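Fold and geometry: a report
Residue strings, one per chain:
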Amino acid sequence: MKELLHKLIVISEDMAKGCYERHRELFELTKSGNYPEDVCRLAESFGMMMVKVESREFHLAQIIDNLRKSQADLADAQRQLSSENQALKKTIRNNFVVDRILGKSSAMLEVKETIKRIANTSINVLITGETGTGKELIAQSLHFGSSRGEGPFVAVNCSAIPEGMLESELFGIEKGVATGVDKRVGKFEQASGGTLFLDEIGDMPLSAQAKVLRVLEERSVERVGGRVAIPVDIRLLSASNRNLKEEVARGTFRQDLYYRLNVVQITAPPLRDRRDDIPLLLVELLKYSSTVAGRPSLRFSPGLVKQLQEYPWPGNIRQLKNEVERAVALSCTDQIVLDDLSEELRRFFSPAQLSNINNEQRLKANEIETIRTILIETDGNRSDTARRLGISREGLRKKLRRYGIDADAP
C-alpha cells in the first residue's frame, strides 16, 4: 500500500511538471479490483485535479498566443499608420509647394520668386494684402517649402479671438489661475519645431503685442499664471490687411514689433491687379467645386469668362471661389451663364445687357417660352415636361425657380 501511494505521488508530480505520458499509469491505478479502493479513489482525485491543471494551462497558452498575435497586429498597424502618415505629410507638402500657387501674371510671378528665395530660411515674414487674396496660402508655401516642413504649421486668426482670451490662447495658461481653469498649452508651444502664422496681427491688442515681442527676443514663453520660461523654437509668419506702418504712426501697433515682424514683406496682389490669372483660377475652381458637388463636367458660357475679367472683385479670390460654388449649385445645364451668378455681379453687367440684347438673352427668353408652352401641353406634369426638354426633373425644378415660373399656374 505504501509503495502504491508513493508511486501515485511520483506520477502526479511528473504530470505537474508536464510529463503527461504518465496519464496511462495514473489511469491504471483507478481500476477497481486491481488495487485497494482507497488508492483507486485517490488516483481518481489526482486525475481530476490534473485535468483541471491541464485545462488551465491550455487556456493560458491560448491567451499567450492571442496576446502575441495582437502584439504582431498592433506592430503591423503602427507600421501602416506610420507609412500613411508619411504619405499624408508628403501629399500636404506637395499641395503647398510654391509651384502649386496658381498665377502667371507678373505680380504673382514676383510673389512666387520671393517665396522660393526665402522659404528655407528662419527669417520672419510679414504678408500684406487685402482680405481674400490668399495670404495664408503664401504662409503655408513658406512653411512646407522649408526644413521646418515636417514640423507643425499652426495658424491663429487674431481678429477671431476675444481680447480677453487671446493671451491664454497664444501663450497658454496654468491650472488654477482662476476657478475651474485647466492647464492649456498655447499656440507658441504647439508650433515649436515648426511655424506659427499670426493672421490679422494688426488687430492684436498692445498688451499681447508686448508679450509677442518678448517671446521673439527671448525664444521662450511663460504661460499665463506661470513662472517658468518654456523654450520654443518657431518661425513666425504674420499677415495683415491693414497698413501696419500707418498703425504704428497712430500708436495702435508697436514700432519695435513691426520691425521684428517685417524682416521680409510679401504683398499678395488683389485680383483686379492680376486679371490675366482669372481664366486659370476659374478653370481650377470650377473643377474643384464640380467634384465636391458631384456634378458632371461643367463649363462657362462663351464670353462669360471675359466678362468676369472685367469685374473688380473686391472680395478677391475668396469672392471668386464663392461665385463658382454658387454657380455650380444653381446651374441647370452643363453650361454656367451669367444668371447663375450672384445679384451683385448681374447688376454690375446689367447696363451692357440693357443696351445690347445679346444671343444669350434671346436664348434665355426662348427657353422660358418653351418651358411654359410644354408645361401647358402636359397640364403641368413636371416629369413629362422634363423628359420633353431633355433634362432631369431636378434640372427643371432649378429652371422654374430661377426663371420664376409657376408650374401650377393655369
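Our subject in this report is the structure included herewith. (Residues numbered from 1 in each chain as written. Predicted model: local features only at pLDDT ≥ 70, side-chain atom pairs only at ≥ 80, totals over all residues. Heavy atoms only, no water.)

1. What about the pairing of strand S2 (residues 153–157)?
A one-sided burial pattern is seen for S2, the buried positions being Val-154 and Val-156 and the unburied ones Phe-153, Ala-155 and Asn-157. The pairing of S2 with strand S3 (residues 195–199) spans 5 bridges and is classified as parallel. Looking across to S3, one finds that Asn-157 is bridged to Asp-199. (Buried < 20%, exposed > 50% of the residue type's maximum accessible area, 1.4 Å probe, protein only. Helix = DSSP H or I, 4+ residues; strand = E, 2+ residues; numbered from the N terminus. Pairing = 2+ DSSP bridges.)

2. Considerations on unusual backbone geometry
Keep in mind that most residues, glycine aside, have a negative phi and that most peptide bonds are trans. The phi dihedral of Trp-313 is positive, around 50 degrees, even though this residue is not glycine. Locating Trp-313 in the fold gives a position in the loop between helix H12 (304–310) and helix H13 (316–330).

3. As for the pattern of salt bridges
Per the counting criterion, the structure on display carries 22 salt bridges. With its nearest N and O atoms 3.7 Å apart, the salt bridge here joins Glu-169 to Lys-187. Of the two residues, Glu-169 is situated in helix H6 (residues 163–171) and Lys-187 in helix H7 (residues 187–190); the sequence distance between them amounts to 18 residues. There is no split in this pair, since Glu-169 and Lys-187 are both buried. The partner of Arg-223 in a salt bridge is Glu-189, and the shortest N-O contact between them spans 2.9 Å. Remark: Glu-189 occurs in helix H7 and Arg-223 occurs in the loop between strand S4 (220–221) and strand S5 (230–231); sequence separation between them is 34 residues. (Salt bridge = Lys/Arg side-chain N within 4 Å of Asp/Glu carboxyl O.)

4. What about the nonpolar core?
Counting residues in each nonpolar core, the largest one holds 29 residues, and the members touching the most others are Leu-170, Phe-188, Leu-196, Leu-198, Met-204, Val-212 and Phe-253. Counting residues per element, the ones that place at least two in this core are S2, H6, S3, helix H8 (206–218), helix H9 (244–250) and helix H10 (255–261). Examining the composition of this core, we find that 5 residues originate from one element, H8, more than from any other. When sequence neighbours within four positions are dropped, the list of residues in contact with Val-212 reads Leu-170, Phe-171, Phe-188, Met-204, Leu-236 and Leu-257. The next biggest cluster of nonpolar side chains, apart from the first, holds 21 residues, and it includes Leu-304, Leu-320, Ala-327 and Leu-345. (Core = buried A, V, L, I, M, F, W, Y, C linked by side-chain atoms within 4.5 Å. Contact = heavy atoms within 4.5 Å.)

5. Some points on H8
Under the 1.5 Å per step criterion, the end-to-end length of H8 is 19 Å for 13 residues, consistent within 8% with the ideal 18 Å. Of all the positions in H8, only Ala-208, Gln-209, Val-212, Leu-213, Val-215 and Leu-216 are classed as buried. Within H8, the buried residues cover an arc of 160 degrees as seen down the axis, which keeps them to one side. Contact partners of the buried residues in H8: H6, H7, S4, strand S6 (235–240) and H10. (Expected span 1.5 Å × (residues − 1). Arc of directions from axis to C-beta.)

6. A look at the side chain of Arg-223
On the basis of relative accessible area, Arg-223 is assigned to the buried category, the value being 12%. Reaching out from Arg-223, the side chain makes a polar contact with the side chain of Glu-189 at a distance of 2.9 Å. Discounting residues that sit within four places of it in the chain, Arg-223 has contacts with Phe-171, Gly-172, Ile-173, Glu-174, Lys-183, Arg-184, Val-185, Glu-189 and Ile-230. (Polar contact = N/O pair within 3.5 Å; in protein donor to acceptor, adjacent residues only side chain to side chain.)

7. Some points on the packing of helix H4 (residues 106–118) against helix H5 (residues 135–144)
H5 packs onto H4 with a crossing angle of 30 degrees between their chain directions and a minimal axis gap of 9 Å. Relative to H5, H4 is oriented roughly parallel. Here H4 runs over H5; the crossing is right-handed. In this structure, H4 contributes Val-111, Ile-115 and Ile-118 to the contact, and H5 contributes Ile-138, Ser-141 and Leu-142. Residue composition of the contact of H4 with H5, grouped by class: 5 nonpolar, 1 polar and no charged. (Axes fitted to C-alpha atoms, helices over the stretch in contact; angles between N-to-C directions. Parallel < 35°, antiparallel > 145°, perpendicular 65-115°, else oblique. Left-handed = near helix turned anticlockwise from the far one by under 90°. Nonpolar A, V, L, I, M, F, W, Y, C, P; charged D, E, K, R; others polar.)

8. Section: the environment of Val-177
Within the fold, Val-177 resides in the loop between H6 and H7. Distance from Val-177 to Gly-226, taken between C-alpha atoms, is 8.7 Å for residues 49 residues apart in sequence. Discounting chain neighbours no more than four positions away, the residues touching Val-177 are Val-224 and Gly-225.

9. Remarks on H5
Helical geometry: 3.6 residues make up each α-helical turn, so side chains three or four residues apart lie on a common side. For H5, the buried fraction is high: 8 of the 10 residues fall into the buried class. Among the residues of H5, Lys-135, Ile-138, Ala-139, Gln-140, Ser-141, Leu-142, His-143 and Phe-144 are the ones counted as buried.

10. As for the sheet that holds strand S7 (residues 264–267)
Read across the sheet, 5 strands follow the order S2-S3-S6-S1-S7 without closing on themselves; strand pairing throughout is parallel. In this open sheet, the two edge strands, each paired with only one partner strand, are S2 and S7. The mean inter-strand angle of the sheet, taken between neighbouring strand axes irrespective of direction, is 20 degrees. Each of strand S1 (125–128), S2, S3, S6 and S7 is contacted by H5, which is oriented at about 155 degrees to S1, the strand it contacts most.

11. Let's talk about the pairing of S3
Where burial is concerned, most of S3 is hidden: 5 out of the 5 residues are buried. The alternating pattern of S3 places Thr-195, Phe-197 and Asp-199 and Leu-196 and Leu-198 on opposite faces, both of which are buried. For S3 and S6, the ladder comprises 4 bridges, and the chain directions are parallel. The partner of Leu-196 across the bridge, within S6, is Leu-236.

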